[in-house]
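# Descriptive analysis of the structure
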Amino acid sequence: METISALIDFHLNEKSSPTRIWRVSATSISGRGLFAVRDIQPGEIIFREKPLLIGPTAGKDSSLNICSVCYRPCENNECVCPRGCSLPVCELCLDSKQHLLECNLYKSWQPAHPQKVMRANLRALVWIRGLLLNETQKHLVNVLQANVDPAYQREMLAAASNFHNFPSAASATYEFLFKVVCVLNTNAFEALQQNENAEISLRGLYPLSGIMNHECTPNTCHYFEPGNVMVVKSAKFIPQGTEITTTYTKILWSNLSRRVFLNMTKQFVCSCSRCLDPTENGSYISALLCRKNDCLGWIIPQDGNVLLSDWRCIKCGTIYDSKHISRAQDFTLRIFNGKTSSGSVKDILDFIREKAARICPPTSQFIIELKLHAIWKMTKTNEKFSDLDIKDAIQYCKDILFVLDKLHAGECILKSLLEDEIRKFSGLLLTPK
Ligand SMILES: [Zn+2]
Ligand SMILES: [Zn+2]
Ligand SMILES: [Zn+2]
Ligand SMILES: [Zn+2]
Ligand SMILES: [Zn+2]
């Protein structure tokens, strides 16, 4: 514990001080965690952290025309480095120290397509940057948790195939890079950078934040400041000595979605208080409708924290196995996804008003997420809305706030966003047409 604490101090570039309100300690469940040194009030900033490593996510549908140093969209469409490293870089960053280091490293491996931005090479930048860390920083990477999964090599192989001279699989360099990839896949956060007219998704390794353990409704929330600085804030009162937690999933995900995701990406089954309660604090966010003889009662898990639990109708008592539930959930998801991807806001509103309640309970994740989708879309479109539409949107905000409250989400980011929207929508109702 001492080693990691010292390495974290180095990474934060600060000494442990009496004003620091957290400490790293051993936990029984997952090795280590972050704990409150004193009582923490809701809304207090717990810490700010710069990324140890960060780089473009370069997901399959994202633009490759973003500078690999400042992450801004390039002005012209051709922003590959003229020196032949295959990285996209803007004119302002072309001669930066950072790009020169990365440019030389990439060129030393002989890009197969030096004048073309290759998605795999851009996505690889975040872990290739591991090679440019100093010894103390590398040591920190080495002591972070890492699930070693051979499947993680896929993104390495994809990048390697774009170079004539990538480090060989037997080399110490390759071994270290694989370690970085595993650490990233285990710990990385998605950091969104807001540019003037584009939001860029980045993968960031934040070692201190990564030490926080998961809870399905955590006691903190986070956001990003310029420079990709992560700010972790308490969402509720955290008594002295309590573990400080984050969520690796989304607060509004259902029990099954969370369990499948955590099992797949983090290889554990959550047993937080919310998971142990099949009603999820009475929110019934995971409930589905019982179709037996048109019962339409609500089906919920029998055992909240068992991966393949049976589910049970609370009205007629029918038991459903997990396969049936997965199918029912996938089926529902497809219907709702169809609505979100196509359809105007008006279509979505009509769907929520007339059809959604026949497909799943009003408390369900699917209806909540569709309402959320409708709210964000209403704020971004030029469509005209009637007072009735706006009143409904306000009601949807309130419905979601009600669920967040049931889940004890506290002062989370989503709550303040929804409260803002209620104010904006209410303003629209008052403006004369
Ligand atoms: Zn730039
Ligand atoms: Zn270059
Ligand atoms: Zn070629
Ligand atoms: Zn949980
Ligand atoms: Zn039933």
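Residues numbered from 1 in each chain as written. Chains lettered and ligands numbered in written order. Predicted model: local features only at pLDDT ≥ 70, side-chain atom pairs only at ≥ 80, totals over all residues. Heavy atoms only, no water.

In the annotation of an unreviewed UniProt entry, the entry for the protein reads SET domain-containing protein, and the organism field reads Hermetia illucens.

Judged by pairing direction, the sheet is antiparallel, and its four strands sit side by side in the order 11-12-13-14 without closing on themselves. In this open sheet, the two edge strands, each paired with only one partner strand, are strand 11 (288-289) and strand 14 (319-320). (Pairing = 2+ DSSP bridges. Helix = DSSP H or I, 4+ residues; strand = E, 2+ residues; numbered from the N terminus.)

Turning our attention to the nonpolar core. Residues W22, L34, W127 and I244 are the most contacted members of the largest nonpolar core, which totals 69 residues. No other element matches the nine residues that helix 6 (residues 172-187) contributes to this core. Once you skip the residues sitting within four places of it in the chain, I244 turns out to touch W22, L34, F35, A36, I40, I46, M212, N213, N219, T220 and I238. (Core = buried A, V, L, I, M, F, W, Y, C linked by side-chain atoms within 4.5 Å. Buried < 20%, exposed > 50% of the residue type's maximum accessible area, 1.4 Å probe, protein only. Contact = heavy atoms within 4.5 Å.)

Bringing the coordination of the zinc ion (ligand 1) into the picture now. The expected angle between donors at a tetrahedral four-coordinate metal is 109.5 degrees. At an octahedral six-coordinate metal it is 90 or 180 degrees. Taken together, C67 (SG), C70 (SG), C90 (SG) and C93 (SG) make up the full set of protein donors to the zinc ion (ligand 1), lying 2.3 Å away. One way to put it: the four donor atoms around the zinc ion (ligand 1) meet at angles of 100 to 116 degrees, and that makes the site tetrahedral. Mapping the donors of the zinc ion (ligand 1) onto the primary sequence gives the spacing C-x2-C-x19-C-x2-C. Here C70, found in the loop between strand 4 (53-56) and helix 2 (97-108), pairs with C90, found in the loop between strand 4 and helix 2; they are 20 residues apart in sequence, far enough to count as distant. (Donors = N, O, S within 2.8 Å, 3.2 Å for Na, K, Ca; no water. Tetrahedral: all angles 85-135°; square planar, octahedral: opposite > 155°, others 65-115°.)

Helix length check: helix 13 (residues 365-380) (16 residues) gives 23 Å between terminal C-alpha atoms against 22 Å at 1.5 Å per residue, within 8%. Every buried residue belonging to helix 13 is among Q365, F366, I367, I368, L370, K371, L372, A374, I375 and M378, and all of these are buried. (Expected span 1.5 Å × (residues − 1).)

Attention now goes to the coordination of the zinc ion (ligand 2). Protein coordination of the zinc ion (ligand 2) is provided by C81 (SG), C85 (SG), H99 (NE2) and C103 (SG), with donor distances spanning 2.2 to 2.4 Å. Around the zinc ion (ligand 2) sit four donor atoms, and with donor-metal-donor angles ranging over 102 to 119 degrees the site reads as tetrahedral. Positions of the donor residues of the zinc ion (ligand 2) along the chain correspond to the pattern C-x3-C-x13-H-x3-C. Here H99 and its partner C103 are both found in helix 2, four residues apart, which amounts to about one turn of the helix.

Pairing is antiparallel in the open sheet, where three strands are placed in the order 3-9-8. The two strands at the open ends of the sheet, each matched to only one other strand, are strand 3 (45-49) and strand 8 (220-225). Taken over all neighbouring pairs, the strand axes of this sheet differ in orientation by 20 degrees on average, direction set aside. Where strand 8 and strand 9 (residues 229-234) come together, six bridges link them in antiparallel fashion. Bridging from a neighbouring strand, F224 pairs with M230 of strand 9. (Axes fitted to C-alpha atoms, helices over the stretch in contact; angles between N-to-C directions.)

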